[in-house]
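The chain contents come next:
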Amino acid sequence: MNSTVRSPPASASSAPASDAWHAQPGESVSQQLRSTASGLAAEEAAKRLATDGRNELKEASRFSPFRVLVDQFNSLMIWILIAAGVISGIAGEAVDAMAILAIVLINAAIGFYQEFNAEKSIAALKQMTAPQAKVRRDGQVVLIAAVEIVAGDILVLEAGDLVAADARLLEASSLKCIESALTGESETVTKHATTLKDAKVPLGDRTNMVFMGTSVAAGTGLGVVVATAMKTELGRIAGLIVEAGAEEKTPLQQKLNAFGRVLVWATLGIIALLFVLGLLRGTAPLELFLTSISLAVAAVPEGLPAVVTVALALGVRRMARRRALVRKLAAVETLGSTTVICTDKTGTLTVGEMTVRALYVAGQHYEVTGEGYGPEGGVFVAGQKANATQAPPLLELATVLLACNNAHLVLEKGAWKVIGDPTEGALLAAGGKAGGDQKRIEKEWPKRGEIPFDSDRKRSSVIRQVAEGKLRSFTNGAPGPLLKRCTSVYTATGVRPLTEHDRAHILAQTSAMAKQSLRVLGSAYRNLDGSATTGFTAESVEHELVFVGLSGMHDPPRPEAKVAVATCRSAGIRVVMITGDHPETATAIARDLGITSVTDRAVTGIDLDQMSEDVLRQRAPTIAVYARVTAEHKLRIVRALKANDEIVAMTGDGVNDAPAIKGADIGIAMGKSGTEVTKQAADMIITNDNFATIVAAMEEGRGIYDNIRQTLQYLLAGSTGELLLMTLCVVIGMPIPLLPIHLLWINLVTDGLPALCLATNPIDADVMKRPPRAGAERFTNRRFLRSMLFTGCLTAAVAFGVYFYALRTGTVETARTSAFSVLVFAELFRAFGARSETKPLWRITPFWNFNLVLVVVVSVVLQVASQHTAFLGRVLKTSYLPLVDCLWFFALGSIPLLVLEVVKVVRIRIAKK
């Protein structure tokens, strides 16, 4: 053992937490911390507490309800609407102003309702820490509040304890800790007090350390505290969550803001041009101001923010029915643009529970079915359930699995959980399926002694009284070392001496199981002298054993994960596994799921430590599996992928996943197995822990994006038509064809309500058969703009023709009512064609979107009623028109729809050729 002692730190509080596991014995660490095996003096502990502060994680500032509400107005489109509403109010258009501001408030209310959820990541971490802990003070073991622990305290650990701080072990007796929340791996970690000489040891392999937030599964230990509060590994994760938590705008938010900027400048340019032309023509400034307001109202699609918000909110509801809960509205669309899914292995791609998959006893292989710790499943041979002749050997192996076991299985909320070592829990489940009865063994064969597992022997034994004056030891452990202690072997015909051929054959079976990514344990027993009731040791018990059989176990892949990975591949989404598990295990699971090829290898955390940020950024697009990584590594990987312009989704369930989940474009937590920390850091929670649900959510996200894009085109084409009509009339000196109230009615009711219906269109069945769109792709590409301008010109031309004719034959009020009506009908009818970009109108059943049909019918009735009822006429400033004129306007209003459908058919035919 290397006894090198480093230079003492500047203060007791600056404990060597980062390197306490290597290069020095635990006693040397205690000396550096000015502590002894009897613990700190109470007076010294109080001084350190005053100097270093309490052993608790700092809580990040939380979003207040007011902050969440204010965030709903953090959009350029919203401020454009607010400005339009204020200007309308100043100009005396009270109805217009109230309508616009009402839309803004409704939009904010919907967003606030969906997103009001205070940030609780650090608070949830605090709940994982131990409320009390046992320490040695003044030579006595005392129970103190965990927040009062200081560096140098001697922690006293036993089974069931929650570790209250990071500590270097001084003593360890059969000590096993569950570190799944910190490392993500479900197996217990055997701890010892020996020095690790390697300076670069992954967190999961620091076997002479215990960490805050983990728990003791078995055994006892003493450790000197080397880090408290934010200096612990859990504290580092808390710091990473805060660091990663800077809010970034989603692709949808960026696109809408970019569109809003273009809209502002375009509108201001047109208004400025027309204002100058008006002044040159001698038009009164007040009239020009009112005209400018009308143009601004015409240019701004007032219904767009509400349409986007409602589309996202409805998407959230649909996703909730598919077991995906979305915490932030804009995250729905981000799912649709995802190009890379970074997923944890344990509990995400795998079940997260050790499961025995294979048994070998008396020369026969058996397959074990069922998942996790539940009793579902059975034991099969070549696809057939084990028969009566195979029952005795299976029972013999099951007896050893159950008798040498300290775990218990309990049913909690419909799910089987293990109390104790997860490996022993898996053996319990397998023993029950093989015909064993743990309760009967515990009752009829009382335990008389135990030799706990240790990393040197790699086995554990339990001694039980099987009859009056008869004892038997039951042993489970690593097959190689166990075979060296065996002299006999159990067969179908009884027990016989173990030959060298038998040893080679059993080791070959072990190797075959290991190649299937199974962790293999051997089982054996020995009859003991019944007169000895105490003093059992490994040397006196674990020899001349009878070898019984092998058990192969693993954390199995989720059945649906392989299909989901294949779906991602067809959709152009790359899946990257990031895990704290060993490289060999991670690679085997990845190959089984189709994430990586046979020739690819995993990149480890140690490899990552040797890479600069630039090197990692260059290599990240080609790496499919990362193994033995920490929370910090995961965050680096996510950032490297984002630096390559990838839209990154990060999934996971452990605390070690939380920083990367927070730092990804879309963070996804598992609802069942996920820790509260991870859930609060995520944008979306999968309630059934099903990887396939993530893929379904991405399908929903793509569909929502398509709907929003089509709806935006519908709205902008309408606004373009209105703007062209208004501009043309102003330029040639004609009276303004539409008043602000007309424009507002069109934008909010005639365009807005159909747009809401279009935003809820069913998702295209082929949406996951195309690659993800580029993150830099704009809403308003060339095809979008061509279609928008063409549609706007068609609508404006029809409306201008009607206005020009009505102005020649009647009053200005009648002409405005005529232009208003034909424009309304044109927009309503055009909504039917906007339902699909690839299918003509006659190939879509009218009831494909029944709400749209209903909205169009109601809007047409209201529009006709506005020309025949005094109240609506006053509100909308319309005049009386005969019903015959309305029928003519119906026909004229259908012209844009018919032309667009002909263009659509031609475009489809050209695309097919």
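Up top is the structure these notes are about.
Residues numbered from 1 in each chain as written. Predicted model: local features only at pLDDT ≥ 70, side-chain atom pairs only at ≥ 80, totals over all residues. Heavy atoms only, no water.

Details of the overall build of the protein chain
Here's step 1: For the protein chain, the helix and strand inventory stands at 35 helices and 28 strands.
Here's step 2: The proportion of buried residues among the 913 residues of the protein chain is 56%.
Here's step 3: A fraction of 71% describes how many contacts in the protein chain between residues 6 or more apart in sequence connect residues 24 or more apart.
Here's step 4: Carbon and sulfur atoms form 60% of the exposed surface of the protein chain, whose accessible area is close to 38200 Å². (Helix = DSSP H or I, 4+ residues; strand = E, 2+ residues; numbered from the N terminus. Buried < 20%, exposed > 50% of the residue type's maximum accessible area, 1.4 Å probe, protein only. Contact = heavy atoms within 4.5 Å. Areas by Shrake-Rupley, 256 points an atom, 1.4 Å probe, with all protein chains shown as cover.)

Side note on the pattern of salt bridges
Here's step 1: Across all of its chains, the model carries 29 salt bridges by this definition.
Here's step 2: Ionic pairing is found between D205 and R628, a salt bridge with its closest N-O pair at 2.3 Å. A residue pair is termed long-range when its members are at least 10 positions apart, and D205 in the loop between strand 5 (189-190) and strand 6 (209-210) and R628 in the loop between strand 25 (625-627) and helix 24 (631-643) qualify at 423 residues.
Here's step 3: The exposure class of R628 is buried, given its relative accessible area of 12%.
Here's step 4: One salt bridge connects E632 with R236, and the closest N-O pair in it is separated by 2.3 Å. One end of the pair, E632, is in helix 24; the other, R236, is in helix 8 (residues 233-244), and 396 residues separate them in sequence.
Here's step 5: Salt bridges linked by common partners bring R206, E233, R236 and E632 together as one network. (Salt bridge = Lys/Arg side-chain N within 4 Å of Asp/Glu carboxyl O.)

What to know about unusual backbone geometry
Here's step 1: With a phi angle near 50°, E544 is a residue other than glycine that sits in the positive phi range.
Here's step 2: Take E544: it is sitting in the loop between helix 19 (538-541) and strand 22 (545-554).

Remarks on the environment of G469
Here's step 1: Take G469: it is sitting in the loop between strand 17 (459-467) and strand 18 (470-477).
Here's step 2: When the C-alpha positions of G469 and G530 are compared, they lie 4.7 Å apart, and in sequence the two are 61 residues distant.

Quick look at the sheet that holds strand 25
Here's step 1: Taking strand neighbours across the sheet as the criterion, the 8 strands line up as 8-28-27-26-9-23-25-24 in an open arrangement whose pairing is mixed. Two strands bound the open sheet, and with one partner strand each, they are strand 8 (324-326) and strand 24 (603-604).
Here's step 2: Pairing of strand 9 (residues 340-343) with strand 26 (residues 648-652), which is carried by 4 bridges, proceeds in the parallel orientation. Looking across to strand 26, one finds that T343 is bridged to T651. (Pairing = 2+ DSSP bridges.)

Description of the packing of aromatic side chains
Here's step 1: Under the defined criterion, the tally for this structure stands at 5 aromatic pairs.
Here's step 2: On the basis of an interplanar angle of 15° and a centroid distance of 5.9 Å, the ring pair of W445 and F474 is categorised as stacked. One end of the pair, W445, is in the loop between helix 16 (438-444) and strand 16 (447-454); the other, F474, is in strand 18, and 29 residues separate them in sequence.
Here's step 3: According to the relative accessible area criterion, F474 is buried, its value standing at 1%.
Here's step 4: Ring geometry for F825 and F890: centres 4.6 Å apart, planes at 80°, overall edge-to-face. Placement of the pair is F825 in helix 31 (residues 812-833) and F890 in helix 34 (residues 883-893), with a sequence separation of 65 residues.
Here's step 5: These aromatic residues form a ring-pair network of at least three members: F825, F829 and F890. (Phe/Tyr/Trp six-rings, centres within 6.5 Å; stacked < 30°, edge-to-face > 60°.)

Quick notes on the side chain of S461
Here's step 1: One can find S461 in strand 17.
Here's step 2: For S461, a relative accessible area of 1% puts it in the buried group.
Here's step 3: Reaching out from S461, the side chain makes a polar contact with the side chain of T475 at a distance of 2.7 Å.
Here's step 4: There is a polar contact of 2.6 Å between the side chain of S461 and the side chain of E542. (Polar contact = N/O pair within 3.5 Å; in protein donor to acceptor, adjacent residues only side chain to side chain.)

Description of the packing of helix 27 (residues 691-731) against helix 30 (residues 782-809)
Here's step 1: In the contact formed by helix 27 and helix 30, the axes pass within 7 Å of each other and the chain directions differ by 45°. The pairing of helix 27 with helix 30 is recorded here as oblique in orientation. In this structure, the crossing between helix 27 and helix 30 has a hand that is right-handed. Touching R709, L712, Q713, L716, A717, T720, G721, L724, L725, L728 and C729 of helix 27 are R783, F784, S787, M788, L789, T791, G792, C793, A796, A799, F800 and Y803, all from helix 30.
Here's step 2: For the contact of helix 27 with helix 30, the residue count by class is 15 nonpolar, 6 polar and 2 charged. (Axes fitted to C-alpha atoms, helices over the stretch in contact; angles between N-to-C directions. Parallel < 35°, antiparallel > 145°, perpendicular 65-115°, else oblique. Left-handed = near helix turned anticlockwise from the far one by under 90°. Nonpolar A, V, L, I, M, F, W, Y, C, P; charged D, E, K, R; others polar.)

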